[in-house]
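Examination of the molecular architecture
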Amino acid sequence: MDAALIERLTREMEAQFARPGEPAGFPKFHDISVDRYITDEFYELERKHLWSKVWVMAGRAEDVPNPGDYFTFGDLKVPIVVVRGNDMKVRAFYNTCQHRGAPVVRDKVGCANQLRCQYHGWVYSIDNGNLVSIPDERDFIDFCREDKSLSAISCDVWQGWVFVNQDPNAASLQEWFGVPFAQMEELAGEELRAVGPRSMTIPCNWKVTAEAFFEVYHFKFIHDRGGWSALDNRGATMGLFPNGCSRMVTPFSKKAVEMRGMKDWSDFQKFSDPRFIDIPSVNNLIRSTSTAFSLFPNLIAPVASYGYPFLMFWPIDKKTTRLDWVHYAPKNWEGDELPPHWQQRMDEFDHIMDEDKRNMAPMQESLESPAMKGIVVNYQERRIWNFHEQVDRMIGIENIPEHMRVQQLLAPYIERE
Ligand code: FES
Ligand SMILES: [Fe+2]
């Protein structure tokens, strides 16, 4: 974030505190159809058109440090293998042998000079997926090896994070996430290491889980700390980015401001806890607010100067979601055991996640109840709307039954830098 952006965000938060209602001319949102959360039809539309075309985070480049290192990835519900080539480039292929469809590699992680299918030994190149050799080739009549390469899928690395996309015509990773990536650059992801992965399965649609992280309207109620809240949602400013991505910056509450010895919420300071290793490039606005980015469709990053989590939502079926989160930290300890300050930090975060989770299963039940007429989204929840607009654009608006669509309203409010 440059100085101009920090200044603009500060002015925006001021304006949010001061506004008597929503800004003049801001569109009214209609209720969102519950059928987007509960029907097989919408779930199948998402599977077919959305999950097959989005960039999702599959792992970290340091998990495949050397040529031939690979890991498998199944969260898109298709078997994928990510492998580093001899040229050090990280690539992804469908982990599907072109002989009779066995998984080429079965281990979650491994290292191999070539990818040899464990079933009958067909051998593929780690550099391009080409079929290099097959046992008993004489038994295949008119066989053309060139036709039987492993299918490659789009794969790119940003700041150490490996992203994959099944769509061969997808925009590049940089193009797709250009605006949030530029603002997240200073978070120095490349130098961080994954710590303390967590996972929970929640009986609700994946969008219910995602939406809990798009607003802070709920914050003082759900995350109350015995009569006080750490954040003041009335000052929160929402940045709506292209492709359904967004950013939220929320000022500290009066009490949190006092506790930190700030003059007011905009007295951004270079706080750093001496127990943690600091990421020095992180600006003071991030240090003195709650700032989070979302990368469409399923990644949320509430960022901080000592490390931060990535949260990801993976639909298991229309009413079951796996919510994974993992922290990235400037790590200076050996092994998996966490130092006490990180353990404490993670326990606190887990507690917040539990608070958020508590509503999700009962909400799904309500969405399926005749009592629920439609989802109401207000002005400060507009990141939710931005997200849903992108869901529809991915599916193709014409493919969605009219009553399930959300109106495309927010184009004039999208920040392109
Ligand atoms: S299925 Fe892979 S070699 Fe036969
Ligand atoms: Fe929350």
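Calculation notes
Residues numbered from 1 in each chain as written. Chains lettered and ligands numbered in written order. Predicted model: local features only at pLDDT ≥ 70, side-chain atom pairs only at ≥ 80, totals over all residues. Axes fitted to C-alpha atoms, helices over the stretch in contact; angles between N-to-C directions. Helix = DSSP H or I, 4+ residues; strand = E, 2+ residues; numbered from the N terminus. Parallel < 35°, antiparallel > 145°, perpendicular 65-115°, else oblique. Left-handed = near helix turned anticlockwise from the far one by under 90°. Contact = placed C-beta atoms within 7 Å. Nonpolar A, V, L, I, M, F, W, Y, C, P; charged D, E, K, R; others polar. Buried ≥ 20, exposed ≤ 12 C-beta atoms within 10 Å, placed from the backbone. Pairing = 2+ DSSP bridges. Arc of directions from axis to C-beta. Domains from an automatic or database assignment.

**Details of the packing of helix α3 (residues 40–50) against helix α12 (residues 382–395)**
Between α3 and α12, the least distance of the axes is 8 Å, while the angle of their chain directions is 70 degrees. On the basis of the axis angle, α3 is roughly perpendicular to α12. Viewed along their axes, α3 and α12 form a crossing whose handedness is left-handed. Packed against α3, whose contacting residues are Leu 45, Glu 46, His 49 and Leu 50, the element α12 presents Val 391, Met 394 and Ile 395 at the interface. The residue inventory of the contact of α3 with α12, partitioned by class, reads five nonpolar, one polar and one charged.

**Focus on the pairing of strand β1 (residues 56–60)**
Look at any regular strand and the pattern is simple: side chains alternate between the two faces of the sheet. Within β1, five of the five residues are buried, leaving the element largely enclosed by the surrounding structure. As paired elements, β1 and strand β10 (residues 161–165) share four bridges and run antiparallel to each other. Paired with Val 56 across the bridge in β10 is Val 164.

**Structural notes on α3**
Taken as a whole, α3 has its buried residues at Phe 42, Leu 45, Glu 46 and Leu 50. Looking straight down α3, one finds that the buried residues subtend no more than 100 degrees of arc, so they occupy a single side. Away from its buried face by more than 90 degrees, α3 exposes Asp 40 and Glu 44. Contact partners of the buried residues in α3: α2 (35–38) and α12.

**Looking at the environment of Gln 98**
Relative to the helices and strands, Gln 98 resides in the loop between β4 (90–94) and β5 (109–111). On the basis of neighbour count, Gln 98 is assigned to the partly exposed category, with 19 C-beta atoms found within 10 Å. For the pair Gln 98 and Cys 117, spaced 19 residues apart in sequence, the C-alpha to C-alpha distance is 9.5 Å. The residues contacting Gln 98, other than those within four sequence positions of it, are Leu 131, Lys 148 and Leu 150.

**Looking at the domain arrangement of the protein chain**
Where interface size is quoted, it is often the accessible area lost as the parts come together. Domain annotation for the protein chain reports domain 1 (3–52 + 179–413) and domain 2 (56–165). The C-alpha-based centres of domain 1 and domain 2 are spaced at 34 Å. In this complex, domain 1 contributes 10 residues to the contact, which on the side of domain 2 involves nine residues. In terms of residue count, strand β16 (residues 308–317) provides more of the side of domain 1 that touches domain 2 than any other element does, three residues in total. Residues of the side of domain 1 that touches domain 2, tallied by class, amount to seven nonpolar, two polar and one charged.

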